[in-house]
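# Secondary and tertiary structure notes
Spelled out, the chains give:
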Amino acid sequence: MKKTLVIIALLVSTTIVSAQRKTPNFYLGLGTGINNPIGLLGVRAEARVAPKVLLDLGAGIGSWGYKTTVGLMYEPKHERGFCPKISYARASGIDSLLITAEVTSAGVTSIKQVGLQLHPVNLLNIGTQYQWITRKELRLFLEFGYSISLTSNTFELRDKRNTLSDKDKAVYSAINPGGIILAFGISFPL
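Residues numbered from 1 in each chain as written. Predicted model: local features only at pLDDT ≥ 70, side-chain atom pairs only at ≥ 80, totals over all residues. Heavy atoms only, no water.

## Looking at the overall build of the chain
In terms of helices and strands, the chain carries two helices and 12 strands. Ordering the α and β elements of the chain from the N terminus gives α-β-β-β-β-β-β-β-β-β-β-β-α-β. By the burial criterion, 37% of the 190 residues in the chain qualify as buried. For the chain, the share of sequence-separated contacts (at least 6 apart) that also reach a separation of at least 24 residues comes to 59%. Carbon and sulfur atoms make up 67% of the accessible area of the chain, which amounts to about 11,200 Å² in all. (Helix = DSSP H or I, 4+ residues; strand = E, 2+ residues; numbered from the N terminus. Buried < 20%, exposed > 50% of the residue type's maximum accessible area, 1.4 Å probe, protein only. Contact = heavy atoms within 4.5 Å. Areas by Shrake-Rupley, 256 points an atom, 1.4 Å probe, with all protein chains shown as cover.)

## A short note on the sheet that holds strand S12 (residues 179–189)
Here eight strands make up a closed barrel; going around it, the order is S1-S2-S3-S4-S5-S8-S9-S12 and the pairing antiparallel. Here the strands of the sheet are splayed against their neighbours by 25° on average, with no regard to which way each runs. The pairing of strand S1 (residues 26–34) with S12 spans eight bridges and is classified as antiparallel. Bridging from a neighbouring strand, threonine 32 pairs with phenylalanine 184 of S12. (Pairing = 2+ DSSP bridges. Axes fitted to C-alpha atoms, helices over the stretch in contact; angles between N-to-C directions.)

## Re the sheet that holds strand S11 (residues 162–164)
Paired through backbone hydrogen bonds, the strands of a sheet run either parallel or antiparallel to each other. With respect to topology, four strands assemble into an open sheet ordered S10-S7-S6-S11, the strand pairing being antiparallel. Each end of this open sheet is capped by a strand with a single partner; those strands are strand S10 (155–157) and S11. Here the strands of the sheet are splayed against their neighbours by 50° on average, with no regard to which way each runs. Pairing analysis gives three bridges linking strand S6 (residues 94–105) to S11, with the strands arranged antiparallel. Bridge pairing in S11 links serine 105 to asparagine 162. Sheet contacts for helix H2 (residues 166–174): S6, strand S7 (108–118), S10 and S11; angle to S11, the most-contacted strand, approximately 65°.

## Observations concerning the side chain of asparagine 35
Among the structural elements, asparagine 35 can be located in the loop between S1 and strand S2 (41–50). A distance of 3.2 Å separates a polar atom in the side chain of asparagine 35 from the backbone nitrogen of glycine 178. In this structure the side chain of asparagine 35 is engaged in a polar contact, spanning 3.0 Å, whose partner is the backbone oxygen of isoleucine 180. Beyond its immediate sequence surroundings of up to four residues, asparagine 35 is in contact with Lys67, Ser147, Pro177, Gly178, Gly179, Ile180 and Ile181. (Polar contact = N/O pair within 3.5 Å; in protein donor to acceptor, adjacent residues only side chain to side chain.)

Structure representation (structure tokens):
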């Protein structure tokens, strides 16, 4: 009987201790995705600034140059579930990119190599992430939402005597930063 009581007491105390695990205050992670606030491939640091709020900082590389972000995430419960997010991001742009495009110069249309400048773009990201928390506090997440470009005139030809064709303008407008966010990542507690 004493052995049974000791075993029950150990099981109960183990259950209570595991149920009261400490929520990490800092995470360091990696992420990738389309219109991801940290770019096509980047690193992020998340610091708990309130019991249910994380400050999210990140940097990476994307199709429009380097990308940096700062934002906030609301974590209603530290467990599997949805966490709304909002952030500001900046894509650095690329000063000079050599492309082959259809251009018009002095009334003559031709296909030739020209220099294209991708200007820096500011973005407002609104979305949510679905997170899974492992027993060792590792966070796996899938993020989705929408990235709104706050910048107009995001690209131009370096040589102002040339004009891009409507087709090529449409291509570079389509690959501008902004649009649907679909990203995933992993964060390690520190």
